[in-house]
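Inside the fold
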There are 2 protein chains.
Amino acid sequence: MTHRWLVCLAYFALTFPFLTGATLVAQDILSPEVHPDRSVTFRLMAPAAQKVEVRLEDASGEKPLAMTKDDNGLWSLTTQALTPDIYSYTLAVDGGVIIDPNVHEFVPNHFGQGGVFTIPGSPAEAWEETEVPHGEVHHHYYKSKIVGDQRDFFVYTPPGFEAKGKTKYPVLYLLHGYSDFANAWTVMGHANFILDNLIAQGKAKPMIVVMPLGYGAPKLLEHGWKNLGHDELWQTNIEKFSDVLLTEVMPQVEQEYPVKKDRESRAIAGLSMGGAETLYAGLNHIDQFAWMAPLSSAIFDEPAKTFPSLDAKQAEKIKLLWIAVGKEDGLLKPNREFKAWLTSKNIKFTDIETDGAHTWPVWRRNLVAFASLLFR
Amino acid sequence: MTHRWLVCLAYFALTFPFLTGATLVAQDILSPEVHPDRSVTFRLMAPAAQKVEVRLEDASGEKPLAMTKDDNGLWSLTTQALTPDIYSYTLAVDGGVIIDPNVHEFVPNHFGQGGVFTIPGSPAEAWEETEVPHGEVHHHYYKSKIVGDQRDFFVYTPPGFEAKGKTKYPVLYLLHGYSDFANAWTVMGHANFILDNLIAQGKAKPMIVVMPLGYGAPKLLEHGWKNLGHDELWQTNIEKFSDVLLTEVMPQVEQEYPVKKDRESRAIAGLSMGGAETLYAGLNHIDQFAWMAPLSSAIFDEPAKTFPSLDAKQAEKIKLLWIAVGKEDGLLKPNREFKAWLTSKNIKFTDIETDGAHTWPVWRRNLVAFASLLFR
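Residues numbered from 1 in each chain as written. Chains lettered and ligands numbered in written order. Predicted model: local features only at pLDDT ≥ 70, side-chain atom pairs only at ≥ 80, totals over all residues. Heavy atoms only, no water.

1. Things to note about the overall build of chain A
Scanning chain A from N- to C-terminus turns up eight helices and 17 strands. C-alpha atoms of chain A, sized along the principal axes, occupy 70 × 45 × 40 Å. By residue count, 62% of the 376 residues in chain A fall in the buried class. For chain A, restricting intrachain contacts to residue pairs at least 6 apart in sequence, the fraction spanning at least 24 positions comes to 73%. (Helix = DSSP H or I, 4+ residues; strand = E, 2+ residues; numbered from the N terminus. Buried < 20%, exposed > 50% of the residue type's maximum accessible area, 1.4 Å probe, protein only. Contact = heavy atoms within 4.5 Å.)

Here it is in structure tokens:
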């Protein structure tokens, strides 16, 4: 959404009499309020509460910040100036975690909901909606024969795109993580605005970006996080997703959009579970993808088992294998082990270890960095 | 989103060690849980709370439903069997209104946030995602020269749509209400699934549906609900939106999509503020729109002032003027007064008074009803 009304609404919705039935949250409280100096004030009316914290997620992870209560029972906290970024947060009220009832943007996620706000940069950061020409985001729905469900995928087309035009575009397949919905890379990743900005600055080639629902075995979501990655279903999920991508999503995209179909015009990238899927689909189909960017990849299996036929000769055909992980990410170790295995096989890759943990600030910056390398 | 995982996740996210930084809401609680008998169980862990209510919005408006606490501090409530529909709700904890921290779908709104769940029908209701061919929803971003902001609009194209094809489609411009974002008619209204289903059943003509951001003077959002409609800004907002629609949105749509451009292939409809906009843009531009469906319209001004040149002779060109309002809607009276004014001017219209209040269940059913009448 393009509007953030940072306005103290001094009245309750119920004063407007025709709304007899609307579901309404108290509107006399402005929270979060982003200030010009890049600090933020959070507020919550909770007279009976004993302890209220903001749990703010930045690049390094979640930080608890204590709020204080005034005589009216209004809890508040103003942060220091924050780094320009898109932040998510929850409120812990006497230990119970809630979404700020006054926030207007939400994390879309099966398990990790929360509120969202933006600290704008000056000049604007690469993920902000700026006054450059904008591409379009297409939302597709279809029935998967492989999985048997109704599912969706999103397609970004760059500014000036014409379905009827003669220009054919390269394609980046961009995969979300476990617990995400298909809209994660647009809503949290701002992938469309990142591409708009990079293309406007001449830093990325105009490309189509396809963001499919990333579950091959959606039953995996019944696991929650417990022991995730440590049973057969994890690998089944990745393998079936690879089939969905190659035999359901790619044919639809290549039929409906003017895309180049050679391997050097196809990239695959993804975060966490989507990083594991990037490696599985990419390294087992070097004939299909020349560009690969696995990010914060959830690597749980023996690479020799997952990539049985991969060798240095095959890997020479890869134009980019950009392996990124944050130095504060719990998946740093398996990523380093995987990179050591690649090195032992004489397979070249670009080794990116950044600041940050397993968080969206890291992945947005990853996309800004690798998108400009693709299709060169 | 296509997945609703009605599964009790018995573990906390923090047991998955690499997620050192994720913003996470407690995941041992399933709420809301929709049962096969169409009842729903709501749950909230709040040991310190004295009183917790579900505020459930159905067609008639918001109902408070008392929850009860068990020995562990878990509040719960199981409803009776509910009418198949899409419901929104909040939780009131000792009077403070919050969004259920465990819900996975949200009302997108500036002021009226809440959780969302669906009671499916058998057979499926007209607004459900079924196994029929699906159209596509396109998200466009642009800078409005009239308003001076970055804004967006959504475009539904029907199944089988080909941007390159020879088929030209009629267009419905479909407007949201005050406090909504541009995605209200897709997220809350399921307009795309309603059209998919009606088209599959041969009940509606294949059409393109355009859903623009509906503020001509976004400053109006600073009002909240207090005295809304009772100053100049209300009318300025409607007039400027009409300019945005006619001179910015329509030209973009007619350039990018294969649409018919005659008045008999153009419809306009909208709810609440969007109903007032429908009347203003429609009745003042009968040369542009032959089909009009103002729903639960927020009519605040003297019609003689708003529609100075409207008369019975002009109005003969209107193919459909479908004026709908719920009998429990606070706007019933101004709608009846407006209809009496039309009658006094010998202007014909279709008079629809349904059950229900100022709510989405009413508007979804409105869309199902009038979409099948358009372009016949």
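So much for the structure itself; the text now carries on.
2. Examining the domain arrangement of chain A
Interface size, as often reported, equals the accessible area lost upon joining of the parts. Residues and elements named next belong to chain A. According to the domain assignment, chain A consists of domain 1 (13-119) and domain 2 (136-371). Each of domain 1 and domain 2 has a C-alpha centre, and the two are 32 Å apart. Every contact between the two is made by 17 residues of domain 1 and, on the other side, 21 residues of domain 2. Roughly 1500 Å² of surface becomes buried between domain 1 and domain 2 when both sides are summed, with 60% attributable to carbon and sulfur atoms. Residues D85 and R365 are paired through a salt bridge, measuring 2.7 Å at the closest nitrogen-oxygen approach. Linking domain 1 with domain 2 are nine residue pairs in polar contact (both at pLDDT 80 or more), by the criterion used here. A total of three residues in the side of domain 1 that touches domain 2 trace back to one element, the largest contributor, which is strand 7 (residues 85-93). (Domains from an automatic or database assignment. Buried area = accessible area lost by both parts, 1.4 Å probe. Salt bridge = Lys/Arg side-chain N within 4 Å of Asp/Glu carboxyl O. Polar contact = N/O pair within 3.5 Å; in protein donor to acceptor, adjacent residues only side chain to side chain.)

3. Observations regarding the nonpolar core
In terms of nonpolar packing, the biggest core is built from 76 residues, with Y173 of chain A together with Y173 of chain B touching the most fellow members. Not counting residues up to four positions away in its chain, the partners in contact with Y173 of chain A are V210, L245, V249, M250, V253, E254, R266, A267, I268, A269 and F289 of chain A. (Core = buried A, V, L, I, M, F, W, Y, C linked by side-chain atoms within 4.5 Å.)

4. Here's the deal with helix 4 (residues 273-283) of chain B
When you tally the buried positions in helix 4 of chain B, you get eleven out of eleven residues, the bulk of the element. Along helix 4 of chain B, the residues classified as buried are M273, G274, G275, A276, E277, T278, L279, Y280, A281, G282 and L283 of chain B.

5. As for the sheet that holds strand 1 (residues 33-34) of chain A
Residues and elements named next belong to chain A. Reading across from one edge, 1-2-6-5 is the order of the four strands in this open sheet, with antiparallel pairing throughout. Whereas interior strands pair on both sides, the edge strands pair on one side only; in this sheet they are strand 1 and strand 5 (68-69). When strand 1 meets strand 2 (residues 40-45), the two strands line up antiparallel, connected through two bridges. For V34, the partnering residue across the bridge sits in strand 2 and is V40. (Pairing = 2+ DSSP bridges.)

6. Comments concerning the sheet that holds strand 6 (residues 74-78) of chain B
Residue and element names in this part refer to chain B. Strand order in the open sheet made by the four strands is 1-2-6-5, with antiparallel pairing throughout. Both edges of this open sheet fall to strand 1 (33-34) and strand 5 (68-69), since each of them pairs with a single strand only. In this structure, strand 5 lies alongside strand 6, joined through two bridges in antiparallel fashion. Looking at strand 6, one finds that T68 is bridged to S76.

7. Comments concerning unusual backbone geometry
Note the cis peptide between S31 of chain A and P32 of chain A, where omega equals -5°. Structurally, P32 of chain A can be placed in the segment before strand 1. A cis amide bond links S122 of chain A to the next residue, P123 of chain A, at an omega of 5°. Along the chain, the position of P123 of chain A falls in the loop between strand 9 (115-119) and strand 10 (136-143). With a phi close to 50°, D94 of chain A is a non-glycine residue in the positive phi region. By the secondary structure assignment, D94 of chain A is in the loop between strand 7 and strand 8 (96-98). A residue is classified by how much of its surface remains accessible, and D94 of chain A, at 37% relative accessible area, is partly exposed. In the Ramachandran plot, S296 of chain B falls in the positive-phi region, its phi being about 45° despite a non-glycine side chain.

8. Notes on the packing of helix 2 (residues 191-200) of chain B against helix 8 (residues 360-371) of chain B
Residues and elements named next belong to chain B. Remark: helix 2 packs on helix 8, axes separated minimally by 10 Å, with the N-to-C direction vectors making an angle of 35°. Taken as a pair, helix 2 and helix 8 cross one another with a handedness that is right-handed. Of helix 8, the residues touching helix 2 (which contributes A191, I194, L195 and L198) are R364, L367, V368 and A371. Within the contact of helix 2 with helix 8, the residues separate by chemical class into seven nonpolar, no polar and one charged. (Axes fitted to C-alpha atoms, helices over the stretch in contact; angles between N-to-C directions. Left-handed = near helix turned anticlockwise from the far one by under 90°. Nonpolar A, V, L, I, M, F, W, Y, C, P; charged D, E, K, R; others polar.)

9. Thoughts on the packing of aromatic side chains
Residues and elements named next belong to chain A. Under the definition given, this model contains 41 aromatic pairs over all chains. Measuring from centroid to centroid gives 6.0 Å for F307 and F338, while their planes differ by 55°, and the two rings are tilted. With F307 in the loop between helix 5 (303-306) and helix 6 (312-315) and F338 in helix 7 (residues 332-344), this pair connects stretches of sequence that are 31 residues apart. With a centroid separation of 6.4 Å and 35° between ring planes, the pair formed by F307 and W341 is classed as tilted. One end of the pair, F307, is in the loop between helix 5 and helix 6; the other, W341, is in helix 7, with 34 residues separating them in the sequence. We note that F307, like W341, is buried. (Phe/Tyr/Trp six-rings, centres within 6.5 Å; stacked < 30°, edge-to-face > 60°.)

10. Observations concerning the side chain of S242 of chain A
Structurally, S242 of chain A is set in helix 3 (residues 232-256). Among the residues examined, S242 of chain A registers a relative accessible area of 2% and is labelled buried.

11. Things to note about the pairing of strand 11 (residues 150-157) of chain A
Residues and elements named next belong to chain A. Counting buried residues along strand 11, eight of its eight residues qualify, which places the element largely inside the surrounding structure. Side chains of strand 11 alternate between two faces, with Q150, D152, F154 and Y156 and R151, F153, V155 and T157 buried alike. As paired strands, strand 10 and strand 11 are joined by eight bridges and run antiparallel to one another. Within strand 11, the position partnered with V137 by the bridge is Y156. Between strand 10 and strand 11, which pair antiparallel in sequence order, lie six residues; one of them, G148, sits at a positive phi of approximately 90°.

12. With respect to the pattern of salt bridges
As enumerated under the stated definition, the model contains 32 salt bridges over all chains in all. Residue D58 of chain A pairs with K63 of chain A through a salt bridge whose shortest N-O separation is 3.1 Å. You can call D58 of chain A partly exposed: its relative accessible area is 23%. E353 of chain B is the salt-bridge partner of R336 of chain B, the closest N and O atoms lying 2.7 Å from each other. Of this pair, R336 of chain B sits in helix 7 (residues 332-344) while E353 of chain B sits in strand 17 (residues 350-354), and the two are 17 residues apart along the sequence. Look at the salt bridges and you will find they share partners, linking R336, K339, D351 and E353 of chain A into a network.

13. Overview of the environment of V103 of chain B
Residue and element names in this part refer to chain B. Looking at the secondary structure, you find V103 in the loop between strand 8 (96-98) and strand 9 (115-119). Using a relative accessible area of 1% as the deciding quantity, one classes V103 as buried. Linking V103 and F117, residues 14 residues apart in sequence, is a C-alpha distance of 8.0 Å.

14. Considerations on the pairing of strand 15 (residues 291-295) of chain A
Residues and elements named next belong to chain A. Across the five residues of strand 15, five count as buried, placing the element largely inside the fold. Residues W291, A293 and L295 of strand 15 are buried on one face, and the alternating residues M292 and P294, pointing to the opposite face, are buried as well. Here five bridges tie strand 14 (residues 266-271) to strand 15, and the two strands are oriented parallel to one another. Directly across from G270, in strand 15, lies its bridge partner P294. The pairing of strand 15 with strand 16 (residues 320-326) spans three bridges and is parallel. By the bridge assignment for strand 16, W291 is matched with L320.

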